[in-house]
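# Coordinates in review
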Amino acid sequence: MTSTVTDQRPLRTAIFPGSFDPITNGHVDIIRRALRLFDGIVVAVLQNTAKQPHFTPEERVEIIGEVFAGEPGVQVDTFDGLLVDYVQRKQATAIVRGLRAISDFEYEMQMGHMNRRLSPTVETVFLMPDEAHTFLSSRLVKEVFSLGGDVAAFVPPAVERRLQQTREATGGGPRVVR
Ligand code: PNS
């Protein structure tokens, strides 16, 4: 006789926090990997950052929404304040962060331990992107683009389009946003 096991576990959501200014193919790769482990991913764009951003948080949310359009497993949001408070508000199980190289490790360990101290029940899960993306960062993408380089291989088409639009709007000059 066969028996049926009903899967009654609660849905597991992970928060993928970051600046995403802009989202790169490395971030997209991490989100796709995280989707294999969790039922849903919330891409959480940090609202207030000391860094001088290229895109406003609202623009970043729009762009990420465009990249994952039609994928109900991926939500996009902004957050402010402590990440662990946001994780609890969303009733999420874990924080997902990408680890590209040893150089990321120290900063990520520090944040992971601090977040664990602040909220012991929230786990941080580190995922490695495909090795093709290990050199990628939002900062380098912006630098290459601002100097006239081709970034099509490093970002989703929606990001490249937006970068082009901002270049046309500023006539190639710097873009100042809040
Ligand atoms: O993509 P980034 O800029 O490396 O992301 C950093 C981020 C947003 C994950 C981090 O700055 C953060 O969590 N900020 C929220 C404030 C907070 O909770 N600080 C204490 C964490 S140790």
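This structure is a prediction, so every number in the text was calculated from the model and none was measured.

For helix H5 (residues 138-146), the set of buried residues is Ser138, Val141 and Phe145. Across the axial projection of H5, the buried residues extend over an arc of 60°, all falling on one side. Turned more than 90 degrees from where H5 packs its buried face, Arg139 and Ser146 sit exposed. Residue Gly148 follows H5 closely and has a positive phi angle near 90°.

Packing of helix H2 (residues 57-67) against helix H6 (residues 157-170) leaves a shortest axis separation of 8 Å and a crossing angle of 145°. Contacts between H2 and H6 involve Glu62, Ile63, Glu66 and Val67 from the first element and Ala158, Val159, Arg161 and Arg162 from the second. Broken down by class, the residue content of the contact of H2 with H6 amounts to four nonpolar, no polar and four charged.

So, about the environment of Phe126. Along the chain, the position of Phe126 falls in strand S5 (residues 123-127). The exposure class assigned to Phe126 is partly exposed, which follows from its relative accessible area of 31%. Through-space distance from the C-alpha of Phe126 to that of Leu99 is 6.2 Å; in sequence the pair is 27 residues apart.

Attention now moves to the packing of aromatic side chains. Inspection of the entire model under this criterion finds three aromatic pairs. Ring centres of Phe16 and Phe20 lie 5.3 Å apart, and the angle between their planes is 65°; this geometry places the pair in the edge-to-face category. Across the pair, Phe20 and Phe16 agree in class, each one buried. Ring centres of Phe79 and Tyr86 lie 5.4 Å apart, and the angle between their planes is 35°; this geometry places the pair in the tilted category. Cation over ring: Arg167 sits above Phe145, and NZ or CZ is 3.8 Å from the ring centre.

Thresholds, definitions, all that
Here the residue numbers are simple positions, counted from 1 along each chain's written sequence. Per-residue local features are limited, in this predicted model, to residues with pLDDT of at least 70; the limit for side-chain atom pairs, both in listing and counting, is 80 or more; totals at the level of whole chains, interfaces and linings are taken over all residues. Excluded from the side-chain calculations are hydrogens and water; all other atoms, namely the structure's heavy atoms, are used. Buried residues are those whose accessible area, probed at 1.4 Å on protein chains only, stays under 20% of the maximum for their type, while exposed residues exceed 50% and partly exposed ones sit between those limits. Only DSSP runs of H or I covering at least 4 residues are called helices, and only runs of E covering at least 2 are called strands; the numbering of each starts at the N terminus. Regarding the arc, it is the one traced by the directions from the helix axis to the C-beta atoms. Fitting a line to C-alpha atoms yields each axis, with helices limited to the stretch in contact; the angle taken between N-to-C directions then spans 0 to 180 degrees. The contact rule is simple, with two residues in contact once any of their heavy atoms fall within 4.5 Å. Classification convention: Asp, Glu, Lys, Arg as charged; Ala, Val, Leu, Ile, Met, Phe, Trp, Tyr, Cys, Pro as nonpolar; all other residues, Gly among them, as polar. Between the rings of Phe, Tyr and Trp (Trp by its six-membered ring), a pair exists once the centres lie within 6.5 Å; its type follows the angle of the planes, with under 30 degrees stacked, over 60 edge-to-face, and the other angles tilted. In our convention, an over-ring charge means Lys NZ or Arg CZ found within 6 Å of a ring centre and within 35 degrees of that ring's normal.

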